[in-house]
Amino acid sequence: MKKSNQKKVFPDDCYVPFNLNRTPEKSFLDCILLLSDGSYFYGTSFGSKKRSSGEICFNTSLTGYQEIITDPSYTGQIITFTFPHIGNIGSNNSDNEGKTLSVAGIVVRQLPTKPSNWRSEQSFNDWLIFNKIPGISGIDTRLLTKTIRKYKSCNAMICYDENGKFDLNELKAELKKHPKMDGLNLSSSITTNYQYQFNEYPHELISTKFSINNNFKPKIAVIDFGVKQNILRHLVNLNAEVIVLPENTNIENICNFKPDGIFLSNGPGDPAATEKKCRKILKSIFKLNIPVFGICIGHQLIGLSFGAKTIKMSQGHRGANHPVKNLLNDKVEITSQNHGYEIDIQSLPKCFEVTHISLFDKSIEGLKHKSLPIFSVQYHPEASPGPTESSYLFNHFLKLIKVSNNAKT
């Protein structure tokens, strides 16, 4: 067979390992993605034209890019989407999961096309520009994913230049100064600044088999470490009065509300750093002896408060198809996940029972206290995006609250 003389060009030939040195061959390569190991990828910019740095990660979800980008748990991160078609359904005002957009940037395989969806209100590119989020396209995301999987944590930088000229030494020096995720309490930068009541119900397109509770109206206090809007909607769907409080609230504010249950939300950063700052309020909450439900960093904060330790995972779990085994009923749930830390099972206190585990790596995905009405999960039962089969956990929270109230009576 005759060997082809055709030379590989954009985009597959735009990855440069740290030990090579060459310039882009196409004038439209006006953006560069630089990794902390020295590797870099040339690509085409879209969205906001700016320079941005953060911890790079990848998400394997096939849908829900707007929900992912607006999830406060991604604060300070550059998200690589492994699914190639990102942006083709546009954007709208209903799918945002956070009021603060603090993601550092996004990486995609193909340049987003014009939107084609009946719910679209604005093109994806215009939406990114409005929210000041930079993007780089034309990247071999398979190769990029393989590259960042080599490291437990990897920082990266997205840099735009209209002429496609970059001073790599300058960029590498700047990226080197960017802090790693370990030790960062990022929830303080995105928590609400004031107490407010939330009363929005789940979107009509998101179905749940659990009916709204009409006979009991519990009060639920939410501690906001970077809460997703769909979590709050699910709590409202329990016919609850939902009050959201900032991370730095005090026990007096919580008790003034007279809550029937307390929810510890998801959020970004190193959970150990967040627990250190919030240790006093967390200890006070558990002494109230009322039902507590935690998700994501809320789950980790519960474990840390009782003496467990958290460890950084190798790239973490980020996607909408992660299998989790429920050890209480021996069933498997397909879940939505986004976390880079886990509770170290070797450090777990004897007062906790593991209720859920990951079928990928056997890491802890759920806990319940053996004597107190406290439980938590590492994954996201509210989905958005992802499957909704774990939404029963909100109903379980309601049942705990009812049992607790009956006991008081």
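Residues numbered from 1 in each chain as written. Predicted model: local features only at pLDDT ≥ 70, side-chain atom pairs only at ≥ 80, totals over all residues. Heavy atoms only, no water.

**Concerning the overall build of the chain**
Using the following cut-off: Elements are defined by DSSP. Helices are runs of H or I of four residues or more, strands are runs of E of two residues or more, and each kind is numbered from the N terminus. As defined in this context, the radius of gyration uses C-alpha atoms, and a globule is described by 2.2 Å times the residue total to the power 0.38. The buried label goes to any residue with under 20% of its type's maximum accessible area, the exposed label to any with over 50%, and the partly exposed label to all in between, with areas taken from a 1.4 Å probe on protein chains only. By definition, residues are in contact when any of their heavy atoms lie within 4.5 Å. All accessible-area figures derive from a Shrake-Rupley calculation using a 1.4 Å probe, and residue coverage is judged against the displayed protein chains alone. A positive count includes Lys and Arg, and a negative count includes Asp and Glu. His and the chain ends are not counted in either. Where a charge lies is defined by one atom per residue type: Lys uses NZ, Arg uses CZ, Asp uses CG and Glu uses CD.
Secondary structure summary: the chain contains nine helices and 18 strands in total. Relative to the globule expectation of 22 Å for 409 residues, the C-alpha radius of gyration of the chain, 22 Å, shows essentially globular dimensions. Here the C-alpha coordinates of the chain stretch approximately 80 × 45 × 45 Å along the principal axes. A buried classification covers 57% of the 409 residues belonging to the chain. Taking all contacts inside the chain whose residues are at least 6 apart in sequence as the whole, residues at least 24 apart take part in 75%. Counting every atom, the chain has about 18,700 Å² of accessible surface; 49% of that belongs to carbon and sulfur. With 48 positive and 37 negative side-chain charges, the chain shows a separation of 4 Å between the mean positions of the two kinds.

**Quick word on the packing of aromatic side chains**
Cut-off, in case you're wondering: For this analysis, a ring pair means two rings from Phe, Tyr or Trp (six-membered ring only for Trp) whose centres lie within 6.5 Å, classed as stacked if their planes differ by under 30 degrees, edge-to-face if by over 60, and tilted for the remaining angles. Note on geometry: a ring has a charge over it if NZ (lysine) or CZ (arginine) is within 6 Å of the ring centre and within 35 degrees of the ring normal.
A complete count under the given rule lists 13 aromatic pairs for this structure. Relative to F293, the ring of F263 lies with its centre 5.4 Å away and its plane at 80 degrees, an arrangement referred to as edge-to-face. Taken together, the positions of F263 in strand β12 (residues 261–264) and F293 in strand β13 (residues 292–295) put the pair 30 residues apart, joining distant regions of the chain. On the accessibility criterion, F293 (0% relative accessible area) is buried. Members of the aromatic cluster, connected to one another through ring pairs, are F263, F293, F375, F394 and F397. A cation over an aromatic ring shows up here: K99 above the ring of Y196, its NZ or CZ 4.5 Å from the ring centre. Stacked on the ring of Y341, the Lys or Arg K312 has its end atom at 5.2 Å from the ring centre.

**Focus: helix α3 (residues 141–148)**
As a reminder of what qualifies: By definition, the arc is the one covered by directions from the helix axis to the C-beta atoms.
Listing the buried residues of α3 in full gives T141, L144, T145, T147 and I148. Projected down its long axis, α3 shows its buried positions confined to an angular sector of 160 degrees, all on one face. Exposed side chains of α3 directed beyond 90 degrees from the buried face belong to R142 and K146.

**Re the sheet that holds strand β18 (residues 374–377)**
Let me state the cut-off plainly: Only strands that DSSP links by at least two bridges are regarded as paired with each other. Axis definition: a line fitted to C-alpha atoms, over the contacting stretch in the case of helices. Angles run 0 to 180 degrees between N-to-C directions.
The sheet built from 10 strands is open, its strands ordered β9-β11-β10-β12-β13-β18-β17-β16-β14-β15 with mixed pairing. Every other strand in the sheet has two partners, leaving β9 (196–198) and β15 (331–343) as the edge strands with one partner each. Shown here is a sheet whose adjacent strand axes are inclined to one another by a mean of 25 degrees, direction ignored. In this sheet, β13 lies alongside β12 in parallel orientation, the contact comprising three bridges. Considered in β13, the bridge of F263 is made with F293. In this fold helix α7 (residues 271–287) packs onto β10 (219–223), β12, β13, β14 (310–326), β15 and β18, with an angle of close to 175 degrees to the strand it touches most, β12.

**A closer look at the pairing of β13**
What counts here: With the strands pointing away from the viewer, any crossover whose connection runs clockwise from the first strand over the helix to the second is right-handed.
Of the two faces of β13, the one lined by V292 and G294 and the one lined by F293 and I295 are each fully buried. Handedness of the crossover joining β12 and β13 through α7 is recorded here as right-handed. Bridge count for β13 against β18 is four bridges, and the pairing is parallel. For I295, the partnering residue across the bridge sits in β18 and is V377.

**Describing the nonpolar core**
The criterion, for reference: In these notes, a set of buried Ala, Val, Leu, Ile, Met, Phe, Trp, Tyr and Cys residues joined through side-chain atoms within 4.5 Å is what counts as a nonpolar core.
By size, the foremost hydrophobic cluster in this structure holds 29 residues, and its most contacted members are I223, I262, L264, I285, F286 and V292. Elements represented by at least two residues in this core include exactly β10, β11 (241–245), α6 (251–257), β12, α7, α8 (297–305), β16 (352–358) and β17 (364–369). Examining the composition of this core, we find that five residues originate from one element, α7, more than from any other. In this structure I285 touches I223, I251, I254, I262, L264 and V292, once residues within four positions along its chain are discounted. V222, V244, C296 and L398 belong to the second largest nonpolar core, which has 26 residues in total.

**Overview of the confidence of the model for the chain**
We count it as follows: Residue-level confidence of the predictor is summarised by pLDDT, bounded by 0 at the bottom and 100 at the top.
For the chain, per-residue confidence averages 91 on the pLDDT scale, and 91% of positions sit at 70 or higher. Segment residues 1–13 is flagged for pLDDT under 50; beyond a separation of four residues in sequence, or across chains, it makes 16 contacts in the model. Scored below 50 in pLDDT, residues 18–27 shows 21 contacts in the model against residues more than four places distant or in partner chains.

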